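Each chain, letter by letter, is given below.
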Amino acid sequence: MSNPLNAPRPQANSLMLVFRAMLLGIPLIVLVLWLVLAEDGFGPFPSAWALLVVVALAAAAYSFCEVLGFRTVPLAYGGRPADVEAESWRRFTSSTFVRFAVCEAALLLSIALAFVVDSFWVVLLGAVLAVALILLEALPTTRNQQRFATSLEAGGAPSYLLGRAQDTDHRPHDGS
């Protein structure tokens, strides 16, 4: 039985499950805050400065993720491929949680700001921007795995984050 190079890895499936559970908390937080902050509908619209602060927080989170979020110390040569792959996944998982936390910080800081300006709109904008950032920067997609693997492999050692060549079936077909 062959395991294609781009087949979903068990680690990716587990990480995606945890990621979805963490992401589900955001709508629940927003719903609770709507009950607390919104007087009628969504409540009064805040001053422009409050919304600009939320956008600036999201821009800072995006900048962090783009500049530092996918950087890591390159892997050293040597070791069994299975051990190297496990180390690569450990580092990728850790990096994913850091990026998630940084992106979610835009929402958390917008919640504090929402209580200062007494407006649910600030929370709503923070949630929309945070979810968009999380889906772009922290979701464990092939794109993000490739970006992190590039950093892991900067020293020339393979990371096996996207799979191992020996996992594919390269046997010639004998026609039977």
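Here, every reference points to the structure presented above.
Here the residue numbers are simple positions, counted from 1 along each chain's written sequence. Side-chain atom pairs in this predicted model are given and counted only at pLDDT of 80 or more, local residue features only at pLDDT of at least 70, and totals for whole chains, interfaces and linings cover all residues. Only hydrogens and water are set aside when side-chain values are computed; all heavy atoms of the structure are taken into account.

1. Some points on the overall build of the protein chain
Then comes step 1: Secondary structure elements follow DSSP: runs of H or I of four or more residues count as helices, runs of E of two or more count as strands, with numbering from the N terminus. Looking only at helices and strands, the protein chain features 5 helices and 0 strands.
Then comes step 2: Counting from the amino terminus, helix and strand elements in the protein chain follow one another as α-α-α-α-α.
Then comes step 3: A separation threshold of at least 6 residues defines the contact pool for the protein chain, and within that pool the share at least 24 residues apart is 82%.
Then comes step 4: The accessible surface values rely on the Shrake-Rupley method and a 1.4 Å probe; as for residues, cover is taken only from the protein chains in view. Carbon and sulfur atoms make up 67% of the accessible area of the protein chain, which totals about 9,900 Å². Two residues form a contact once any of their heavy atoms are found within 4.5 Å.

2. Structural notes on the packing of aromatic side chains
Geometry of an aromatic ring pair is reported as the spacing of the ring centres plus the angle between the planes.
Then comes step 1: Pairing of aromatic rings covers Phe, Tyr and Trp, the last through its six-membered ring, and needs centres within 6.5 Å; plane angles under 30 degrees mean stacked, over 60 mean edge-to-face, and all others mean tilted. Going through the model one piece at a time under the given rule, you end up with 4 aromatic pairs.
Then comes step 2: Both rings, one in Trp89 and one in Phe92, keep their centres 5.5 Å apart while their planes meet at 90°; by these two values the pair is edge-to-face. In this pair, Trp89 and Phe92 are both assigned in helix α3 (residues 81–117), 3 residues apart and thus about one turn of the helix distant.
Then comes step 3: Classification of residues uses two cut-offs on accessible area relative to the type maximum, computed with a 1.4 Å probe and protein chains only: under 20% is buried, over 50% is exposed, and between them is partly exposed. Here Trp89 falls in the buried class, since its relative accessible area comes to 3%.
Then comes step 4: Classification of Phe92 as buried rests on a relative accessible area of 0%.
Then comes step 5: Feature note: the residues Trp89, Phe92 and Phe148 constitute an aromatic cluster, connected by ring pairs.

3. Overview of α3
Then comes step 1: Look at α3: 54 Å from first C-alpha to last across 37 residues, which is about the 54 Å you get at 1.5 Å a residue.
Then comes step 2: Bend, at a single residue, is the angle you get between axes fitted to the 7 residues ending at that residue and the 7 residues starting at it. Most pronounced at Glu104, the bend in α3 amounts to some 30°.
Then comes step 3: Where α3 ends, the next residue or the one after it, Asp118, has phi of about 55°, a positive value. Here a helix's expected span is defined as the number of its residues, less one, multiplied by 1.5 Å.

4. Considering the side chain of Gln145
Then comes step 1: Counting through the fold element by element, Gln145 comes out in helix α5 (residues 142–152).
Then comes step 2: With sequence-adjacent residues up to four places away left out, Gln145 is seen in contact with Ala12, Trp89, Phe92, Pro140, Leu161 and Leu162.

5. Details of helix α4 (residues 120–138)
Then comes step 1: When the terminal C-alpha atoms of α4 are compared, their 26 Å separation across 19 residues agrees well with the 27 Å that a helix rising 1.5 Å per residue should span.
Then comes step 2: By the burial criterion, the buried members of α4 are Phe120, Val122, Val123, Gly126, Ala127, Ala130, Leu133, Ile134, Glu137 and Ala138. End-on, the buried residues of α4 take up no more than an arc of 150°, which puts them together on one face.
Then comes step 3: Measuring from the side-chain oxygen of the N-cap residue of α4 to the backbone nitrogen of Trp121 gives 3.3 Å; that N-cap residue is Ser119. This arc corresponds to the set of directions leading from the helix axis out to the C-beta atoms. As used in this structure description, the phrase polar contact means that two N or O atoms lie within 3.5 Å; if the pair is within protein, one of them must be able to donate a hydrogen and the other to accept it, and residues adjacent in sequence are counted only when both atoms belong to side chains.

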